[in-house]
Amino acid sequence: MARSTVSHEAGAIYEFTPDLEALETVDSGAQLTIDTRDSLDGAVQSDSDVLESVPEEVNAATGPIAVSDAKPGDILRVEIEAVRLTEDHGRVVTIDGFGLLDGDEAIEAPRTRMTPVEGGGDDKQTIAFGDLEVPVEPVIGTIGVAPDAESYTTLVPHDHGGNLDTTDITAGNTVYFPVFQEGALLAMGDCKAAMADGEMCGTGAEIACEIDVTLEVIGGNDAAVDLKRPLVETDDAWKPIASAETLEEACKLANRDAIALLAAAHDLDETEAYMLSSLTGGLEISQVVDPLVTVRNAIPKASLSAPF
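Quick summary incoming for the structure in this document.

Brief notes about the sheet that holds strand 11 (residues 132–135)
1) Next: Across the sheet, four strands lie side by side as 8-9-10-11; this open sheet has antiparallel pairing. Each edge of the open sheet is held by one strand with a lone partner, namely strand 8 (89–94) and strand 11. Across this sheet, the average inter-strand angle for adjacent strands is 30°, counted without regard to direction.

Quick look at the pattern of salt bridges
1) Next: Under the criterion given, the structure shown has 23 salt bridges.
2) Next: One salt bridge connects glutamate 108 with arginine 111, and the closest N-O pair in it is separated by 3.2 Å.
3) Next: Overall, glutamate 108 belongs to the partly exposed group, its relative accessible area being 48%.
4) Next: Note that aspartate 165 is salt-bridged to lysine 192, the shortest N-O span being 3.7 Å. Placement of the pair is aspartate 165 in the loop between strand 15 (161–162) and strand 16 (174–178) and lysine 192 in strand 17 (residues 186–192), with a sequence separation of 27 residues. For the pair aspartate 165 and lysine 192, one class covers both residues: buried.
5) Next: Taken together, the salt bridges that share partners define one network made up of Asp165, Asp190, Lys192, Glu199 and Glu206.

What to know about the packing of aromatic side chains
1) Next: Applying the stated criterion across every chain, the model contains three aromatic pairs.
2) Next: Look at tyrosine 176 and tryptophan 238: their rings are 5.8 Å apart centre to centre, the planes differ by 40°, and that puts the pair in the tilted class. Highlighted residues: tyrosine 176 in strand 16 and tryptophan 238 in strand 20 (residues 237–244), separated in sequence by 62 residues. The pair tyrosine 176 / tryptophan 238 is uniform in exposure class, with both members buried.
3) Next: Measuring from ring centre to ring centre gives 6.3 Å for tryptophan 238 and phenylalanine 308, while their planes differ by 80°; the resulting arrangement is edge-to-face. With tryptophan 238 in strand 20 and phenylalanine 308 in the segment after strand 22 (293–300), the pair connects residues that are 70 residues apart, well separated along the chain.
4) Next: Exposure remark for phenylalanine 308: the relative accessible area of 25% places this residue in the partly exposed category.
5) Next: Within the aromatic cluster, the residues linked to one another by ring pairs are Tyr176, Trp238 and Phe308.
6) Next: Arginine 113 extends its terminal NZ or CZ atom over the ring of phenylalanine 129, reaching a point 4.3 Å from the ring centre.
7) Next: A cation sits over an aromatic face here: lysine 301 above tryptophan 238, 5.5 Å from the ring centre.

Section: the environment of phenylalanine 98
1) Next: As for its placement among the helices and strands, phenylalanine 98 is situated in the loop between strand 8 and strand 9 (111–118).
2) Next: Put simply, phenylalanine 98 and proline 110 are 12 residues apart on the chain and 9.7 Å apart in space, counted from C-alpha to C-alpha.
3) Next: Among residues more than four places away in sequence, those in contact with phenylalanine 98 are Val54, Leu155, Cys201, Gly202, Val289 and Asp290.

About the thresholds
- Residues numbered from 1 in each chain as written.
- Predicted model: local features only at pLDDT ≥ 70, side-chain atom pairs only at ≥ 80, totals over all residues.
- Heavy atoms only, no water.
- Pairing = 2+ DSSP bridges.
- Helix = DSSP H or I, 4+ residues; strand = E, 2+ residues; numbered from the N terminus.
- Axes fitted to C-alpha atoms, helices over the stretch in contact; angles between N-to-C directions.
- Salt bridge = Lys/Arg side-chain N within 4 Å of Asp/Glu carboxyl O.
- Buried < 20%, exposed > 50% of the residue type's maximum accessible area, 1.4 Å probe, protein only.
- Phe/Tyr/Trp six-rings, centres within 6.5 Å; stacked < 30°, edge-to-face > 60°.
- Lys NZ or Arg CZ within 6 Å of the ring centre and 35° of its normal.
- Contact = heavy atoms within 4.5 Å.

Structure, rendered in structure tokens:
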């Protein structure tokens, strides 16, 4: 099947709404290349370019892309095959009013550090941070579908996905989204050349990328559970992802999603599945800096068969 390209130049959104209009419509099984711009829309190109505040429009997400036959109650499977950098530099910034240590007198904001990309070809790419070399491990920061009822800017994560800033959303892994609207209406962007779990200063090494994906619709009746929030599949684990106002509440949501998966897989009641969740896998922090915080609950595949 030929792979077509969807470019941010054709269309990108800054808000996930229930009534999104499709930039393009594809069939289930479509193979696409998604071309994205950096999350700051090119505003930062040197160390002297600083941001006094978070821009009103940030984290442009290329799309939305409608998938034929996707309907509410279904699941959209997004296989991420490759993420390629399309700039020779990224940028890390601090912004007043944003970040885990916002307001700390030892932290300067605003401030920018450009991160040149080095290597390539047969060499593993790195980004330079002073005299340090940080491995390039691209992450898709913002990815999601049209939400159920409320609207969320691309800075906000929620049950539809959005600004999840999760390091597992990368090449080689697959993300599953609940479908809330006809066509699902997928959009993505806000890539990072490198980012640590937590995204403490508020950004990774923000950079433009190309993303190769394959999209597939899974009928709701073919799922062992009713998927309420995003779920990521890695080589060795299934990881429900949840976002909430507090870390504790996000942990509870991700744990409840893990319990549902374990209960369905092993014919357990909720209490038994809750007990099992305390023995296998574990909670992981995705990010703690967005308007809502995001966590995931990793369940090893040794403990959980495929739910779809």
